[in-house]
Amino acid sequence: MKRAEPNRLVSLMVDNLIWLFVIGAFIAFSLLSDRFLSPYNLGNILLRSAAFGMLVLSQAYTFITGNFDLSVESTLGLAAMFAALMLVTTEAGGLGWQLHPLLVILLMLVLGGFIGLFNGVLITKVGVNNLLVTIAMLFVLRGATYGISPGTSISFFPKEFTWLGGGTLARIVTDNGNFVLSVAGIFVILAFLVGHIHTRYTQFGRNMYAVGADADAARAAGINVDRVVIIVYIIAGVCAAFAGLLQAGRLNAATPTMGANLIFAVHGAAIIGGMSIYGGRGNIIGAFGGVLLWSILDTGLNIMGVSPFWIDVSRGLLLLFAVLLDALRVRYQHNVQVRLALADTTVGLDDKDQDYG
Amino acid sequence: MAETRTSQHSDEILLDMRGISKSYPGVQALEDADFSVRRGEIHGLVGKNGAGKSTLMGVLMGIREADSGTIAIEGETLRHASPQTMLDAGISYVPQHINLLNTLTVAENILVGNLPKNRFGLVDWKAVNEDSQARLSRLGLKLDVRQLVEGLSVAERTMLAIAKALFNNARLIILDEPTAALTRVDIDLLFSFVRAQQQQGVAFIYISHHLEEVFEICDRVTVMRDGRIVGTRAIDEIDVPGLVHMMVGGGVKEYERDSTAGREVVFEASNLSRRGAYEDVNFALRQGEVVGISGLQGSGVDELAQGLFGLERLGVGEVYVGGDAYRPDSPKAAFEAGVAYLPQDRHRYGLIQLRSVRENVTYSVLDRLVGRLGVLLRKDEHELTEEYIDKLGIVTPGPEQRTLLLSGGNQQKVVFAKLAATQPTVLILHEPTQGVDVQAKVDIFNIINDLSTQGVATMIISSEVRELIGLCDRIFVMCGGRITREFSRAADDMKPEDILLAIEGGPLDADA
């Protein structure tokens, strides 16, 4: 079909716009500040946004099915606090159990999974609106985090616990400073890679897209829509718990406010990465681009000494831009349909005759 | 079409429905209907809206349970008709608005839920594309399987939906108004595809309002009217007028009113055109006149109605209301110019269902009911509401009743009350009797009559031809975006058969 070609090329660009932005932002900051390209800073970009990245991954999963989970930022906080309590001595603010770090990591991931299961069941089986359920959980979990915390931050974790979030794989010494290859940075890249393979190359992942594209049509194709959505919420919960692990590990501390107010930035990054809250669109690699753009902007502006207030303004504008882009994308795709329909009425006669005889 | 019919339908009965009856509270939707389809035939099913076609098909698909009757497929009577058993029996439905996964590729739509995997259990995209491409070419369908469904034309989507049904071993496919949104080129495309599948022994039930197409593609045709099967004919044994006669029946007019048309023209359009919707539309409505416009979906009549009320672009040309130039940019502008509109889908546009009768009646005229400091005059508001409840005979426990809880007919009266309260010069009614019972219909006709007696010029867009004949002074027929015929009470030529024929685009008058 000849007439579909230009459409596909433009669509490809529209779908991968994020990488143009990432490259553009990278070049712009490199030109604006000589410190941006320093080895130390490059190593830092991913490390600092590792937890954020895991939250974006969790939202990418829910977005593909046409859902979202506002409560993941609170799951992050609760999981971290929950782990901290079981890890450290009573003097340091914990319960004094001092459980084995690997067991604690396992328990916090299970906790995240259970929170996701609870959200998913309420949304699918009980039929409560996903906005209401996850807003309610946002408050419940954050409140619970404060409730179980000793009122202050808890710190001094065992090495095994902080390795994933704060560990270093390699350190390359250069004249310009040190390039640090962080465990967290590699972990986030791997997590997105696994997410990409899972959503693109497994039956379950494709079922997620089908559910997001049209739940009724997916149901008609024999897909268990409720099951897909519940599992996606569980995955989102586990990702959020991982985010808690990374954050607590990097800071070597857990505070009751960890993760608070992150969720809309997370949505912004996912949407600018090509995901759509209407479901069935975008991909995990694009969402990773969203994470990169967000943290490049953050570090770049920081290095340039822009005041935190204006960084907030720029974040807000980026978010607004992302939402606008999403709307324009949907409108563009709609227009393409209309244009094709119109084109059918006037041109394309020759094409058709050749094609169908 | 001069093409020779090459269908290989045998006389072998594929589907046999006998004595199907179905009633809803107050309505006998199906009465003792017998319907059968032969293997490899294309069987037309025609009838006006509400004739029972969708109920009959609902029973066939297992989504509606018949009160009585039997369904047999290849001689085997089905004991229990659920959607799954009917699918298993090879019966598939392709709706007018096709349900596909729009944001995904054609290939994924074909293989959804069962994608080919490589030895690691991961989706093998190469195999997905090749496999689905091969399946499509076996059906003679040339589509690029890698493109997104949202980039396909409507005809291509319809063919894809048919193909999907065939991949699921469908033997009988119900096509519901498949050509409503198609151009002639696309119709040819679709028809040649359907015929090719027919050659392979697949049977189709073809539901359409476009009778010419029924004659073009069907082997036999069954006509329904008022929940009954009027008859089944081989296509070469009947012509369009004969079919129309079967559809309309010999019934009398449902309602009769006297003309109240004055002399002064209050609503006039000249050379109104909107690309892709309608062309060169001219009309002039006099004070108190009732004019009907009828046309099939796609004839431009719906777009015209919405354009005249500012819900869509009106296009080029001139419109005058009460002598003043009229350019509706929005419904608000239309209201202010004295044009009121009763939308086709009252649940979406006509009523705020969660709010009370009072609020619904007065929300368009609240600016007339404000006193000093912008505070609403509750007393005036109540009086106005009571006045219209009384005048239109709205059956409600009181003005504070939520409109959601009223019957369809009474909801429609509330919408009328809202429109009447604006004291319009022109009233545009879009399918005003859709979904209301017989008694409420008569009430609505009386309301229309009352308003026209008061001098309101009324334009009724409706597919209920016999209702139009009873109500209207004149009836316009739209076809292919143009007003192609005008019937009038004065000329005494408002015959249901002629009007239906004109709607369907049948032979035009020499002077038309």
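Residue numbers run consecutively from 1 along every chain, following the written order of its sequence. Naming scheme: in the order in which they are written, chains are lettered from A and ligands are numbered from 1. The model is predicted, so local features are restricted to residues of pLDDT at least 70 and side-chain atom pairs to those at 80 or more, both for listing and for counting; the totals for chains, interfaces and linings are taken over all residues.

### A word on the overall build of chain B
Right, on to step 1. When helices and strands are counted, chain B shows 17 helices and 20 strands.
Right, on to step 2. Here the globule rule reads 2.2 Å times residues to the power 0.38, and the radius of gyration is calculated from C-alpha atoms. Computed over C-alpha atoms, the radius of gyration of chain B comes to 26 Å, within 12% of the 24 Å expected from 2.2 N^0.38 for 512 residues, which places it in the range of a compact globule.
Right, on to step 3. Dimensions of chain B, computed from C-alpha atoms along their principal axes, come out at roughly 80 × 55 × 50 Å.
Right, on to step 4. Looking at chain B alone, contacts between residues at least 24 apart form 68% of all its contacts between residues at least 6 apart. Secondary structure counts use DSSP, requiring at least four H or I residues in a row for a helix and at least two E residues in a row for a strand, with both numbered from the N terminus. By the convention adopted here, residues make contact when the C-beta atoms placed from their backbones lie within 7 Å.

### Structural notes on the nonpolar core
All names here are of chain A.
Right, on to step 1. The biggest cluster of nonpolar side chains holds 257 residues, and the ones touching the most others in it are Met 54 and Leu 55.
Right, on to step 2. No other element matches helix H12 (residues 225-251), which puts 18 residues into this core.
Right, on to step 3. Ignoring sequence-local partners within four residues, the contact set of Leu 55 consists of Val 72, Glu 73, Leu 76, Ala 240, Ala 243, Leu 262 and Val 266. By our criterion, buried Ala, Val, Leu, Ile, Met, Phe, Trp, Tyr and Cys residues that link up through C-beta atoms within 7 Å make up a nonpolar core. Three classes are used. A residue is buried when 20 or more other C-beta atoms lie within 10 Å of its own, exposed when 12 or fewer do, and partly exposed in between, with C-beta atoms placed from the backbone.

### Overview of the environment of Val323(A)
Residue and element names in this part refer to chain A.
Right, on to step 1. In this fold, Val 323 is placed in helix H15 (residues 308-346).
Right, on to step 2. The class for Val 323 is partly exposed, based on 15 C-beta atoms found within 10 Å.
Right, on to step 3. For the pair Val 323 and Ile 284, spaced 39 residues apart in sequence, the C-alpha to C-alpha distance is 18 Å.

### Some details on the domain arrangement of chain B
All names here are of chain B.
Right, on to step 1. Note: domain ranges come from an automatic or database domain assignment. Here the domain parsing of chain B yields domain 1 (13-99 + 165-248) and domain 2 (265-354 + 425-503).
Right, on to step 2. Relative to domain 2, the C-alpha centre of domain 1 lies at a distance of 32 Å.
Right, on to step 3. Counting residues at the interface gives 12 residues for domain 1 and 9 residues for domain 2.
Right, on to step 4. Of the residues belonging to the side of domain 1 that touches domain 2, the class tally is 7 nonpolar, 5 polar and no charged. The nonpolar class holds Ala, Val, Leu, Ile, Met, Phe, Trp, Tyr, Cys and Pro. Asp, Glu, Lys and Arg form the charged class, and all remaining residues, Gly among them, are polar.

### Some thoughts on the confidence of the model for chain A
Right, on to step 1. Put simply, chain A has an average pLDDT of 87, and 90% of its residues get 70 or more.
Right, on to step 2. pLDDT measures the predictor's confidence residue by residue and takes values from 0 up to 100. In the predicted structure, residues 343-357 of chain A sits below a pLDDT of 50 and forms 17 contacts with residues beyond four places in sequence or in another chain.

### Things to note about the pairing of strand E19 (residues 474-479) of chain B
Residue and element names in this part refer to chain B.
Right, on to step 1. Counting buried residues in E19 gives 6 out of 6 residues, a clear majority hidden from the surface.
Right, on to step 2. The pairing criterion for strands is at least two bridges between them, as found by DSSP. The sheet contact formed by E19 and strand E20 (residues 482-488) spans 6 bridges and is antiparallel. Among the inter-strand pairings, Phe 476 is bridged to a residue of E20, identified as Glu 486.
Right, on to step 3. Following E19, the chain reverses through 2 residues before pairing antiparallel with E20; Gly 480 in that reversal takes a positive phi of roughly 55°.

### Side note on the confidence of the model for chain B
All names here are of chain B.
Right, on to step 1. Confidence in the prediction for chain B averages 87 pLDDT; 94% of positions are at 70 or higher.
Right, on to step 2. Confidence drops under pLDDT 50 across residues 1-9; counting only partners more than four residues distant or on other chains, this segment forms 12 contacts.
Right, on to step 3. Low confidence marks residues 508-512, where pLDDT is under 50. Its contacts with residues over four positions away, or in another chain, come to 4 contacts.
Right, on to step 4. Scored by ipTM, the complex comes to 0.80, with pTM at 0.79.

### Focus: helix H8 (residues 240-248) of chain B
Residue and element names in this part refer to chain B.
Right, on to step 1. For H8, the complete set of buried residues consists of Leu 243, Val 244 and Met 247. Along H8, the residues classed as buried sweep out an arc of 100° about the axis, all on the same side.
Right, on to step 2. Lining the buried residues of H8 we find strand E3 (42-46), helix H7 (211-217), strand E9 (220-225) and helix H17 (496-503).
Right, on to step 3. One or two steps after H8, the chain reaches Gly 249, where phi turns positive at roughly 80°. Here, the arc refers to the directions that run from the helix axis to the C-beta atoms.

### Focus: the sheet that holds strand E16 (residues 339-342) of chain B
What holds strands together in a sheet is hydrogen bonding between their backbones, with the strands either parallel or antiparallel.
Residues and elements named next belong to chain B.
Right, on to step 1. Ordered in space as E16-E17-E18-E13-E19-E20, the 6 strands form an open sheet in which the pairing is mixed. Edge positions in the open sheet fall to E16 and E20, since each of these has one partner strand only. Strand-to-strand twist across the sheet, computed as the mean angle between neighbouring axes with direction ignored, equals 20°.
Right, on to step 2. In terms of strand pairing, strand E13 (residues 290-294) meets E19 through 4 bridges, oriented parallel. For Val 291, the partnering residue across the bridge sits in E19 and is Arg 474.
Right, on to step 3. Fitted lines through C-alpha atoms serve as axes, helices being fitted only where they are in contact, and the angles separating the N-to-C directions of these axes extend from 0 to 180 degrees. Relative to the sheet, helix H9 (residues 301-308) contacts E13, E16, strand E17 (426-430), strand E18 (457-461) and E19, its axis offset from that of E17 by approximately 140°.
Right, on to step 4. Here H17 sits on the sheet in contact with E13, E19 and E20, set at roughly 30° to E19.

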